[in-house]
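Inside the fold
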Amino acid sequence: GAGVSQSPRYKVAKRGQDVALRCDPISGHVSLFWYQQALGQGPEFLTYFQNEAQLDKSGLPSDRFFAERPEGSVSTLKIQRTQQEDSAVYLCASSPLGGGAYNEQFFGPGTRLTVL
Amino acid sequence: KNEVEQSPQNLTAQEGEFITINCSYSVGISALHWLQQHPGGGIVSLFMLSSGKKKHGRLIATINIQEKHSSLHITASHPRDSAVYICAVRALGAQKLVFGQGTRLTINP
């Protein structure tokens, strides 16, 4: 079956541009996570959805970052007025359950964003 | 200090060697994950564990909850094992994962 997909895989933006990154989770998965991975670092949490509800957005680094999942499936991470420090790989993960310790996350391939 | 610390950061070994990567964490957890990331590729989950030991092929993961420590072992290492290995934990009551910085493993033929 299809895994988590993300698009685009690569995005180059000029500083100040707005970008939108898409995540298609595994069908039926309740939970969806966005992570940011800077070069040479481990991923860091951005935000978490359970169905369409954004339950945790504590990791979003500024109000330029916005995420939505309006129908509880596809999610979009939007970054407004991109800055060079936004350059990173943005990873999406989904998991089948809404909670519980044994809730494995399945990762997409990531979107590599480069801001010039 | 990061909540999840991995060692070593980089590891180079010869094909066939026994590999150990260590992970220490500072919070109470409900689960610990070992993940593999190939260059330019996505992240693949290797193990999810909350106690004891798990084995899959040449990979073994152990965890000691009291000591807040986990190890990932690779037996009979092969060049195709070359990748970044990442430890991640889910804190008690949380959904998000907190990641270590990763260990870059290179296995030379």
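This text gives an overview of the structure that appears in the document. Just so it is clear, the structure is predicted and the values come from calculations on it, not from any experiment.

Let us look at the overall build of chain B. What chain B contains, in helices and strands, is 0 helices and 11 strands. Overall, chain B shows an N-to-C arrangement of helices and strands of β-β-β-β-β-β-β-β-β-β-β. The C-alpha atoms of chain B give a radius of gyration of 13 Å, which matches the 13 Å a tight globule of 109 residues would have. Taken over the C-alpha atoms alone, chain B extends approximately 45 × 30 × 25 Å along its principal axes.

To continue, consider the packing of aromatic side chains. With the rule as written, the count across this model stands at 6 aromatic pairs over all chains. Where Phe33 of chain A meets Tyr35 of chain A, the ring centres are 6.1 Å apart and the plane angle is 15 degrees; that geometry is what we call stacked. Here the two residues Phe33 of chain A and Tyr35 of chain A agree in accessibility, since each one is buried. Ring centres of Tyr35 of chain A and Phe99 of chain B lie 5.1 Å apart, and the angle between their planes is 85 degrees; this geometry places the pair in the edge-to-face category. One end of the pair, Tyr35 of chain A, is in strand β4 (residues 31–37); the other, Phe99 of chain B, is in strand β10 (residues 98–99), on a second chain. Summarising the burial analysis for this pair, Tyr35 of chain A and Phe99 of chain B share the class buried. Through successive ring pairs, a cluster of aromatic residues spans Phe33, Tyr35, Phe45, Tyr48 and Phe107 of chain A together with Phe99 of chain B.

We now examine the environment of Val12 of chain A. Here Val12 of chain A lies in strand β2 (residues 10–13). Overall, the relative accessible area of 54% leaves Val12 of chain A in the exposed class.

To continue, consider the pairing of strand β8 (residues 69–74) of chain B. Residues and elements named next belong to chain B. With 5 of its 6 residues buried, β8 lies for the most part within the structure. Summarising the sheet, strand β3 (residues 19–25) and β8 pair through 6 bridges and their orientation is antiparallel. Bridging across to β8, Cys23 finds its partner in Ser70. What sits between the antiparallel neighbours strand β7 (residues 59–64) and β8 is a turn of 4 residues, in which Lys68 has the positive phi angle 55 degrees.

Residue and element names in this part refer to chain B. Across the sheet, which stays open at both edges, the 5 strands sit in the order β1-β3-β8-β7-β6 with antiparallel pairing between neighbours. Pairing within the sheet leaves two strands with one partner each, and these edge strands are β1 (4–7) and β6 (52–56). Sheet twist, expressed as the average angle between the axes of neighbouring strands with direction ignored, equals 15 degrees. Of the pairings in the sheet, the one linking β1 to β3 comprises 4 bridges and is antiparallel in character. Bridge assignment links Glu5 to a residue of β3, and that residue is Ser24.

Listed by partner, the interface residues are 24 residues for chain A and 20 residues for chain B. Carbon and sulfur atoms make up 53% of the area that chain A and chain B hide from each other, which totals about 1,700 Å². Summed over the shared surface of chain A and chain B, the result is 0 salt bridges. Its residues assigned to classes, the side of chain A that touches chain B comprises 10 nonpolar, 11 polar and 3 charged.

Our next topic: the nonpolar core. Counting 22 residues, the largest nonpolar core has Leu32 and Trp34 of chain B as its most contacted members. Broken down by secondary-structure element, the contributors of at least two residues to this core are β3, β4 (29–37), β5 (43–49), β7, β8, β9 (83–91) and β11 (103–108) of chain B. Non-local contacts of Leu32 of chain B, meaning those with residues more than four positions away in its chain, are made with Cys23, Tyr25, Phe47, Met48, Leu49, Ile63, Ser70, Cys87, Ala88 and Val89 of chain B. Membership of the second largest hydrophobic core comes to 20 residues, among which are Val4, Ala13, Ile26 and Leu113 of chain A.

Rules used throughout
- Residues numbered from 1 in each chain as written.
- Chains lettered and ligands numbered in written order.
- Predicted model: local features only at pLDDT ≥ 70, side-chain atom pairs only at ≥ 80, totals over all residues.
- Heavy atoms only, no water.
- Helix = DSSP H or I, 4+ residues; strand = E, 2+ residues; numbered from the N terminus.
- Rg over C-alpha atoms; globule rule 2.2 N^0.38 Å.
- Phe/Tyr/Trp six-rings, centres within 6.5 Å; stacked < 30°, edge-to-face > 60°.
- Buried < 20%, exposed > 50% of the residue type's maximum accessible area, 1.4 Å probe, protein only.
- Pairing = 2+ DSSP bridges.
- Axes fitted to C-alpha atoms, helices over the stretch in contact; angles between N-to-C directions.
- Contact = heavy atoms within 4.5 Å.
- Buried area = accessible area lost by both parts, 1.4 Å probe.
- Salt bridge = Lys/Arg side-chain N within 4 Å of Asp/Glu carboxyl O.
- Nonpolar A, V, L, I, M, F, W, Y, C, P; charged D, E, K, R; others polar.
- Core = buried A, V, L, I, M, F, W, Y, C linked by side-chain atoms within 4.5 Å.

Shape is all these values report; function is a separate question.
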